[in-house]
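Structural overview for review
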Amino acid sequence: MSENNVAQFGQGDASFRAAGEYEGIKALVEQFYIEMSTLPKATAIWAMHNHDDMEQIHDKLTRFLCSWLGGPRLFREKYGPISIPAFHKQFPIGPAERDAWLLCMKRAADKQPYSDAFKCYLLEQLYRPAEFSRSRD
Ligand code: HEM
C-alpha cells in the first residue's frame with residue numbers, strides 16, 4: 001500500500017465517505033459481528049462479548065468508526081469520550097485475539113461494496129488500534 005492511498009483516504013472525511021458514511025459503516029459492523037460469531041478462529045473473542053447487549057455493542061462500534069474514519073463524532077455524542085487501548089485492557093487480548101479481530105474485519109470489509117484500495121487502507125489503519133488494544137503477549 002501506498003502513499004497514494006494515504007493521500008486519497010487520509011484527508012478530512014474521505015474515509016468516512018468511502019466507507020458509505022453511517023449506513024455503510026453500520027452494514028460493515030453488522031457483518032463484522034456475523035463473522036465473529038461464526039468463525040472458529042474468533043471463538044475466544046466472541047466469547048468475551050456480552051451477547052445480551054449486542055445491539056448496543058453494534059451501535060458503539062458503528063459510532064466509534066464513524067468518527068475514527070473522519071466523520072461526525074457520534075460515539076462521543078452519545079457515550080462520552082473513550083480510549084480504545086485503556087478500555088480493552090480488561091480483556092485478555094494477545095496477538096492471536098488481535099489477529100482474529102482483524103480477520104473478522106477483513107472478511108466483513110470484503111463483503112462491502114468498497115474499492116480494493118479502500119479495503120487495503122482500512123485494514124492497514126485498523127492494525128494500529130488493534131495492536132494498542134493488546135493487553136498481553
Ligand atoms: C484487538 C482485538 C479486539 C478485541 C478482542 C476486542 C474486544 C472487545 C470486547 C470484548 C468489547 C466489549 C463488548 C461488550 O460490551 O460486551 C469491546 C468493545 C469495544 N471495542 Fe473492541 N476489541 C478489539 C479491538 C477493537 C478496535 C481495534 C476497536 C476500534 C477501532 C474497538 C472498538 C471497540 C468499541 C468502540 C467498543 C465499545 C466500548 C464501550 O463499551 O464503551 N475494538 N471490544
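Each remark here, short or long, concerns the structure printed above.
Note that this is a predicted model, so its numbers are computed, not measured. (Residues numbered from 1 in each chain as written. Predicted model: local features only at pLDDT ≥ 70, side-chain atom pairs only at ≥ 80, totals over all residues.)

1. Side note on the overall build of the protein
Summing up its helical and strand segments, the protein has nine helices and zero strands in all. Counting helices and strands in the order they occur from the N terminus, the protein gives α-α-α-α-α-α-α-α-α. Taken over C-alpha atoms, the radius of gyration comes to 14 Å for the protein, in line with the 14 Å a tight globule of 137 residues would show. Across the 137 residues of the protein, 25% fall into the buried class. A separation threshold of at least 6 residues defines the contact pool for the protein, and within that pool the share at least 24 residues apart is 72%. (Helix = DSSP H or I, 4+ residues; strand = E, 2+ residues; numbered from the N terminus. Rg over C-alpha atoms; globule rule 2.2 N^0.38 Å. Buried ≥ 20, exposed ≤ 12 C-beta atoms within 10 Å, placed from the backbone. Contact = placed C-beta atoms within 7 Å.)

2. Brief notes about unusual backbone geometry
At Glu21, a position not held by glycine, the phi torsion is positive, near 55 degrees. The topology assignment puts Glu21 in helix H3 (residues 21-38). For Glu21, a count of 15 C-beta atoms within 10 Å puts it in the partly exposed group.

3. Section: the site of the ligand
Close contacts around the ligand come from 23 residues, with Met48, Asn50, Phe64, Trp101 and Pro129 the closest. Of all the elements in the fold, those that place two or more residues in the shell around the ligand are helix H4 (43-48), helix H5 (54-68), helix H7 (84-88), helix H8 (95-110) and helix H9 (116-132). Per-element accounting of the shell around the ligand gives the leading share, five residues, to H5. In terms of residue class, the shell around the ligand is made up of 16 nonpolar, four polar and three charged. (Near = placed C-beta within 6 Å. Nonpolar A, V, L, I, M, F, W, Y, C, P; charged D, E, K, R; others polar.)

4. Concerning H8
Between its first and last C-alpha atoms H8 spans 22 Å; for 16 residues at 1.5 Å apiece the expected length is 22 Å, and the two agree. Among all positions of H8, only Glu97, Arg98, Ala100, Trp101, Cys104, Met105 and Ala109 are buried. Elements in contact with the buried residues of H8: H3, H4 and H9. (Expected span 1.5 Å × (residues − 1).)

5. Points about the nonpolar core
Membership of the largest hydrophobic core comes to 25 residues, with the highest contact counts inside it found for Ala19, Ile25, Leu28, Phe32, Leu65, Trp101 and Cys104. Those residues in contact with Leu65 that sit more than four places away from it in its chain are Ile25 and Val29. (Core = buried A, V, L, I, M, F, W, Y, C linked by C-beta atoms within 7 Å.)

6. Structural notes on the packing of H8 against H9
Two elements in contact, H8 and H9, have axes whose closest approach is 10 Å; the angle formed by their N-to-C orientations is 155 degrees. With respect to each other, H8 and H9 are oriented roughly antiparallel. Along this stretch, H8 crosses H9, giving a crossing that reads as right-handed. For the pair H8 and H9, the contacting residues are Arg98, Trp101, Leu102, Met105, Lys106, Ala109 and Asp110 in the first and Lys119, Leu122, Leu123, Leu126, Tyr127, Ala130 and Glu131 in the second. When grouped by side-chain class, the residues that make up the contact of H8 with H9 number nine nonpolar, no polar and five charged. (Axes fitted to C-alpha atoms, helices over the stretch in contact; angles between N-to-C directions. Parallel < 35°, antiparallel > 145°, perpendicular 65-115°, else oblique. Left-handed = near helix turned anticlockwise from the far one by under 90°.)

7. What to know about the environment of Tyr22
On the secondary structure map, Tyr22 appears in helix H3. According to the C-beta neighbour criterion, Tyr22 is partly exposed, with 16 such atoms within 10 Å. The spacing of Tyr22 and Gly71 is 49 residues in sequence and 8.5 Å in space, taken between C-alpha atoms.

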